[in-house]
Amino acid sequence: MRFTISAAEWNAKLAALAKVMDSKVALPIYSTFLLELKDGVLRITASDMDCSRCSTLPVMDMDGANGHNGRICVTASFLLDSLKNLGDRPVTFEADEENLSVVIRYNNGRFDMVGFPAKDYVLPGTMEKNVQATIEVSVLNDSIGKSLYAVGNDDLRPVFCGIYFTKKGDELQCAATNGSMLVRNTYKVEDDGQEYSFLLHARAAKIVHSMTSRSDEKVQVFITDREVAFQTGTDYFRTRLIEGRYPNYNAVIPTDSDKTAIFDRNELLAAVRRVSVFADKARCEVAMNFSGLSLMLSGKDIDCSTHAEETVFCAYQGGNLRIGFKAEFLKQTLENITTKEVQFKLGTQERAGVITPVADDDRMETVALIMPDRKSTRLNSSHIPLSRMRCSA
């Protein structure tokens, strides 16, 4: 097996694929890259047993690469650490599949290492009985990018650790929640007659986002009961889905809130950042006191004897209301909305606040929900936290 390739281009591709790998993987073979050369195209595979990603690169056929096809596994850390210091120069890779010797040559040096037999690298079987769909890459990237911040990280509640995709008719919905805040992004898409739903782990979603971020093609999606795969022109990513039934998130979004406030997003975000510095470090809660045409933001830390308050002007309709939210939840929500203005819809101090962008976009709708801080308000019996939502059918 022999080929010549640009070190910088190869290293960039390997670094992207390495995100799939897990340093604590049980089988050592999955700490390697599977390299397969056929007809002048190098196919690279990385896996951690739950996820696998394949990508292709053309090689420089300087010495008859078409006649030097083959397969071998090479330790990922050796390849990455050696190539990243070579810059943008051509390197020649040579491997003997019988004695497993590997040599990487460049203009004034060489690296020698030992490979592993390709037959030991077990690839997942063919996906059968799958739903095949197409998603615009801009929609897929936008939905992941605007949902990841709300994903939970509690391993005891795995369904909260992913993004839930569901398509019906001409609508694609993506939802994420950690039990205390929720975001739902709805997109108008082409009605191709396909209906599907799947729960994609946050780690896999980041890989998909990275894989498709520089592509302008449509993404082919293959969905089964337990797996999902995404394919572009040169890349293929396959992963297990999170098992379990996702909560019926639409049921907990209030629709009868009688108080509304419209803010300049950047002004409110900057004020929350300033006030939260002086908030209690354990709870990090900021109080929002709505009155007239203004909002009084305040935060205090009794233990450190610190206090801050700031007035933010807004277009407010409704009676006076004092409600507390986690500062981090407010910041994350406002940072992931891109419009100039945002609207808050509120009911009582025990009910969730709904935040939406103020925009005339009939192709995309974002609804974010944040539960009030439980320690700052007295909860009544009608308060239903997101973590107790009923599962959807």
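Source: prediction; values computed, not measured. (Residues numbered from 1 in each chain as written. Predicted model: local features only at pLDDT ≥ 70, side-chain atom pairs only at ≥ 80, totals over all residues. Heavy atoms only, no water.)

1. Comments concerning the pattern of salt bridges
If you walk through the whole model with that rule in mind, you get 28 salt bridges. Notably, a salt bridge pairs Asp192 with Lys167, separated by 3.1 Å at the nearest N-O pair. Linking Asp192 in the loop between β12 (181–188) and β13 (196–201) with Lys167 in strand β10 (residues 162–168), this pair joins segments that are 25 residues apart in sequence. Since its relative accessible area comes to 4%, Lys167 is described here as buried. For the salt bridge of Arg283 with Asp373, the shortest nitrogen-to-oxygen distance reads 3.6 Å. Residue Arg283 is found in the loop between α5 (265–276) and β18 (285–291), and its partner Asp373 is found in the segment after β25 (364–370); the two are separated by 90 residues along the sequence. Taking relative accessible area as the criterion, Arg283 reaches 26% and is therefore assigned partly exposed. You can call Asp373 buried: its relative accessible area is 5%. (Salt bridge = Lys/Arg side-chain N within 4 Å of Asp/Glu carboxyl O. Helix = DSSP H or I, 4+ residues; strand = E, 2+ residues; numbered from the N terminus. Buried < 20%, exposed > 50% of the residue type's maximum accessible area, 1.4 Å probe, protein only.)

2. Let's talk about the packing of aromatic side chains
Enumeration over the complete set of coordinates arrives at 14 aromatic pairs. Both rings, one in Tyr106 and one in Phe111, keep their centres 5.3 Å apart while their planes meet at 40°; by these two values the pair is tilted. Using a relative accessible area of 24% as the deciding quantity, one classes Phe111 as partly exposed. Ring centres of Tyr196 and Phe198 lie 6.1 Å apart, and the angle between their planes is 20°; on these two criteria the pair is classed as stacked. Since its relative accessible area comes to 7%, Tyr196 is described here as buried. (Phe/Tyr/Trp six-rings, centres within 6.5 Å; stacked < 30°, edge-to-face > 60°.)

That is the geometry; function is a separate question.
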